[in-house]
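# Descriptive analysis of the structure
Here are the chains, one letter per residue:
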Amino acid sequence: MSATAALPESQIGRVWTRFRRHRLALAGAAVVALLLASALFAPVFAPQDPTLLDTALRFRAPFADWAHPLGTDELGRDTLSRLLHGGRVSLTVGLVAMVTTVATGALIGITAGFLGGWIDTLLMRFVDTMLCFPQVFLLLVVAAFVPPTLLSISLVIGLTSWMEVSRIVRAEILHLKEQDFVAAARALGASRARIMFRELLPNAAAPILVAATLKVASAVLMESYISYLGYGVQPPLASWGNMLTNAQGYFDTVPWLAILPGAAITLTVMGFNFLGDGLRDALDPRLRMDP
Amino acid sequence: MIGFVGWRLLQAVPLLIGVSLIGFGLMHLAPGGPLAVYTLNPTIQVQDIERIKVIFGLDQPIHVQYVKWATGMVSGHWGYTFFGGRPVLEVILERLPATLLLMGSALSVAIILGLSIGVLGAVKRYSVFDVLATTGALFALSFPTFWFGLMAIFVFAIELRWLPSGGMWELGEEGSILSLIRHLVLPTMVLALVITATWSRYSRSAFLEVMQQDFMRTARAKGEPPAARLLRHALPNAAKPLIALLGVELPFLFSGALVTETIFGWPGMGRLFVDALNMKEYPVLMGLMMFTGIFVVVGNLLADIAIAAIDPRVRLR
């Protein structure tokens, strides 16, 4: 016997009806879809190689020249191509970091919630302790010591931001493990691991999904912070964060170089945040916070 | 009450030990260890590193190092900086006032604005104002602090020339209150944005919950005017989750202050952290991690005690 991971047909319908009413969430979903598509097809859409230098064409203004729709930067690189490829990098880091966060948070949350006792106390005190450090401090210290590759940056972001997820999952498991289907599984002789990962985990899918969506937003934000401070994605590879660092030097004369990547980060973070908020309202009306 | 405070103090001890273990572990488990900075320097040879290890006591077993380090922390010996050899605690405390000033002014602005917006939204639920405010808060929460800071500099310092773009004082005006206030406006605005959004959301839901309680209906039935109901009955009850929020938000406040200080060249602890990071000043980094960690533990402790002071029921548990 196994708990069904997928929601029954009618429930999906109800969730979709609730989600559809949330206009900002729909906009968020559209933005996220657009961003994922542009990241996926960046090499197709980009008018140029993002690393191609052309010092004869420095600081072209946006919309002035069709060869460079969004202008060029201080080294004559095409801004649109860099934005698209940078988005690819930022979203990859965001998604990998999210998977790390959710996997770690869910594993710790389910272990603490299901096993209880001193394991629970120990794990949750560990979570409390980790939460005492400001995340940006923690992130920067670790990032500064690890050679920055895309994978290491994602892992570092993921491993410094799983604490809230573990609390959410633990709370959900504490509620779920008192239910009859768990007693039934136990009566049938299911092992603890089976109850944890085949019975409880799928039933905690809704809050995990919401947390995962919101975590992509915060991971993209964190990547841009550390790249902006020079400890994230390293040039010549473009990311929205390091594009901003470059642009800062020419801020008073060519502001669009800073406006564009910042707008891209903001749009991405908003897209995932709105989507996550809408999912929360649709999946669990009890947690509703906004009208 | 004294019993409660004592119990809460006792609970803070393992948390502080945890903070120290993680702070200590982070620096020592990092690839290359605390002396990684020297291995990158080609003029320093392997023998030199071994010698430095002995000087810093890094050749001893890890638990001996920890105990030595932790007892030093308690008695105020936080080590010395690599460059300049100054006491770490002194370097940190030197930067503390600037950070506290920035965090304090941002927090005051955010609480006044956020609380007003939240309460108004709760009183006039689903009004145009409420919908605009909650949507606006969602937008504000998604704004990257550092980009908002850059845009604020661009608009108010470069284009309009209303306010200075960074620093704490104009050259030659050190100590002038007026100059300080002018420099404080933009960083405060930038740091306050996200906190205001959080506060408006939390105070809205806190007041919504309180206003549905029976005692609010009773107060209304007694004929108390709306303002008195809000101030005398709703506010003390809604204050509890908001005071708790104050404690919980502290780490976010430090993170935000770090980013804001970096952008505006504000000479506080965040700026110190980034400078220390760039120079691989590991004693300063460790000191700052510990300082913020302890600050957060104490902040949460104070928040809990304040809540218990307001609500006797909390003390009994």
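Reading guide: rules and limits
Residues numbered from 1 in each chain as written. Chains lettered and ligands numbered in written order. Predicted model: local features only at pLDDT ≥ 70, side-chain atom pairs only at ≥ 80, totals over all residues. Heavy atoms only, no water. Helix = DSSP H or I, 4+ residues; strand = E, 2+ residues; numbered from the N terminus. Areas by Shrake-Rupley, 256 points an atom, 1.4 Å probe, with all protein chains shown as cover. Lys, Arg positive; Asp, Glu negative; His and termini not counted. Charge placed at Lys NZ, Arg CZ, Asp CG, Glu CD. Contact = heavy atoms within 4.5 Å. Buried area = accessible area lost by both parts, 1.4 Å probe. Salt bridge = Lys/Arg side-chain N within 4 Å of Asp/Glu carboxyl O. Polar contact = N/O pair within 3.5 Å; in protein donor to acceptor, adjacent residues only side chain to side chain. Nonpolar A, V, L, I, M, F, W, Y, C, P; charged D, E, K, R; others polar. Core = buried A, V, L, I, M, F, W, Y, C linked by side-chain atoms within 4.5 Å. Buried < 20%, exposed > 50% of the residue type's maximum accessible area, 1.4 Å probe, protein only. Patch = residues over 30% accessible without salt bridge, like charges linked within 9 Å, V, L, I, M, F, W, Y side chains within 5 Å. pLDDT = per-residue confidence, 0-100. Phe/Tyr/Trp six-rings, centres within 6.5 Å; stacked < 30°, edge-to-face > 60°. Axes fitted to C-alpha atoms, helices over the stretch in contact; angles between N-to-C directions. Parallel < 35°, antiparallel > 145°, perpendicular 65-115°, else oblique. Left-handed = near helix turned anticlockwise from the far one by under 90°. Expected span 1.5 Å × (residues − 1). Bend = angle between axes of the 7 residues up to and from the residue.

### Examining the overall build of chain B
Helices and strands together make up the secondary structure of chain B, namely 13 helices and 0 strands. In sequence order, the secondary structure elements of chain B are arranged as α-α-α-α-α-α-α-α-α-α-α-α-α. Judged by the C-alpha coordinates and their principal axes, chain B covers about 85 × 55 × 35 Å. Surface summary for chain B: the accessible area is close to 15,800 Å², and the carbon and sulfur share equals 69%. Averaging the locations of the 23 positively and 19 negatively charged side chains of chain B gives two centres separated by 12 Å.

### Remarks on the interface of chain B and chain A
Accessible area lost when the parts come together is the quantity often used to give the size of an interface. In this assembly, 51 residues from chain B lie in contact with 46 residues from chain A. Together chain B and chain A conceal approximately 4,400 Å² of surface at their shared face, both sides included; 80% is due to carbon and sulfur atoms. Of all residues in chain B, B:Ser142, B:Phe146 and B:Trp147 bury the most surface against chain A, accounting for 14% of the area lost on that side. Between chain B and chain A we count 0 salt bridges in total. Inspection of the chain B/chain A interface yields 7 residue pairs in polar contact (both at pLDDT 80 or more). Looking at the side of chain B that touches chain A, the elements with two or more residues in it are helix H1 (2–29), helix H6 (128–141), helix H7 (145–159), helix H8 (177–211), helix H10 (226–264), helix H11 (269–278) and helix H12 (282–310) of chain B. When grouped by side-chain class, the residues that make up the side of chain B that touches chain A number 34 nonpolar, 13 polar and 4 charged.

### A look at the nonpolar core
Ranked by size, the top nonpolar core spans 151 residues in total, and within it A:Leu140, A:Ile157, B:Leu258 and B:Phe273 carry the most contacts. In terms of residue count, helix H11 (residues 205–228) of chain A provides more of this core than any other element does, 13 residues in total. Counting residues in hydrophobic clusters, the runner-up holds 9 residues, among them B:Phe207, B:Leu208, B:Val210 and B:Met216.

### Comments concerning a nonpolar patch on the surface
Residue and element names in this part refer to chain A. On the surface, a cluster of nonpolar side chains totalling about 440 Å² of accessible area is made up of Leu 40, Phe 41, Val 44 and Phe 45. As for its position among the elements, Phe 45 is in helix H3 (residues 42–45). Assessed through its relative accessible area of 48%, Phe 45 is described here as partly exposed.

### Details of the environment of A:Ser154
Residue and element names in this part refer to chain A. Along the chain, Ser 154 turns up in helix H7 (residues 150–159). When the C-alpha atoms of Ser 154 and Leu 91 are compared, they prove to be 10 Å apart, with 63 residues separating the residues in sequence. Contacts of Ser 154, omitting those with residues within four sequence positions, involve Val 93, Val 96, Ala 97 and Thr 100.

### Structural notes on the environment of B:Leu193
Residue and element names in this part refer to chain B. Mapped onto the fold, Leu 193 is located in helix H8. Separated by 54 residues in sequence, Leu 193 and Phe 139 have C-alpha atoms that sit 10 Å apart. With near-sequence residues (within four places) excluded, Leu 193 lies in contact with Ala 140, Phe 143 and Phe 148.

### Brief notes about H11(B)
In terms of burial, H11(B) is largely enclosed, as 7 of its 10 residues are buried. Along H11(B), the residues that are buried comprise B:Met269, B:Gly270, B:Leu272, B:Phe273, B:Val274, B:Ala276 and B:Leu277. Summarising the contacts, the buried residues of H11(B) are in contact with helix H6 (135–145) of chain A together with helix H5 (88–123), H10 and H12 of chain B. Immediately beyond the C-terminal end of H11(B), within one or two residues, lies B:Lys280, with a positive phi of roughly 50°.

### Observations regarding the side chain of A:Asp128
Relative to the assigned elements, A:Asp128 resides in helix H5 (residues 117–131). If near-sequence neighbours (up to four positions away) are discounted, A:Asp128 is found in contact with A:Arg167 and B:Leu15.

### Brief notes about the confidence of the model for chain B
In regions of low pLDDT, the predicted coordinates are not meant to be interpreted in detail. Of all residues in chain B, 94% attain a pLDDT of 70 or more, and the chain-wide mean is 84. At the low end of the mean pLDDT range in chain B sits helix H2 (residues 36–39) of chain B, at 62; at the high end sits H5(B), at 91.

### What to know about the side chain of A:Ser227
Here A:Ser227 lies in helix H11. If we skip the residues at most four places from it in the chain, A:Ser227 touches A:Gly232, A:Val233, A:Ser239, A:Gly241, A:Asn242 and A:Thr245.

### Some words on the pattern of salt bridges
As enumerated under the stated definition, the model contains 15 salt bridges over all chains in all. B:Asp130 is paired through a salt bridge with B:Arg204; the nearest N and O atoms lie 2.8 Å apart. With B:Asp130 in helix H6 and B:Arg204 in helix H8, the pair connects residues that are 74 residues apart, well separated along the chain. Residues participating in the shared-partner salt-bridge network are A:Arg125, A:Asp128 and A:Arg167.

### Quick look at the packing of aromatic side chains
Under the counting rule described, the total for this entry stands at 13 aromatic pairs over all chains. An aromatic cluster is built from A:Phe137, B:Trp78, B:Phe254, B:Phe273, B:Phe291 and B:Phe295, whose rings are joined through pairwise contacts.

### Here's the deal with unusual backbone geometry
All names here are of chain B. For Tyr 126, which is not glycine, the phi torsion reads 65° and is therefore positive. Mapped onto the fold, Tyr 126 is located in the loop between H5 and H6. Phi at Arg 161 takes a positive value of approximately 55°, unusual for a residue other than glycine. Among the secondary structure elements, Arg 161 is positioned in the loop between H7 and H8. Residue classification places Arg 161 among the exposed positions, given a relative accessible area of 67%.

### Points about the packing of helix H13 (residues 256–283) of chain A against H6(B)
One way to put it is that H13(A) packs onto H6(B) with a least axis distance of 9 Å and a crossing angle of 130°. If you check the angle between H13(A) and H6(B), you find them oblique. Seen from above, H13(A) lies across H6(B) with right-handed handedness. On H6(B), the residues touching A:Met270, A:Asn273, A:Phe274 and A:Asp277 of H13(A) are B:Leu138, B:Phe139 and B:Leu141. Residues of the contact of H13(A) with H6(B), tallied by class, amount to 5 nonpolar, 1 polar and 1 charged.

### Concerning the environment of A:Ala27
All names here are of chain A. Position of Ala 27 among the secondary structure elements: in helix H2 (residues 23–40). Of the residues examined, Ala 27 reaches a relative accessible area of 39% and is grouped as partly exposed. In the structure, Ala 27 is positioned 248 residues away from Leu 275 in sequence and 7.9 Å away in space, judged by C-alpha atoms.

### Section: H5(B)
If you check H5(B), its first and last C-alpha atoms are 50 Å apart, about what 36 residues at 1.5 Å a residue would give, namely 52 Å. The sharpest bend along H5(B) measures roughly 35° and falls at B:Leu96, with the proline B:Pro97 sitting one to four residues further on.

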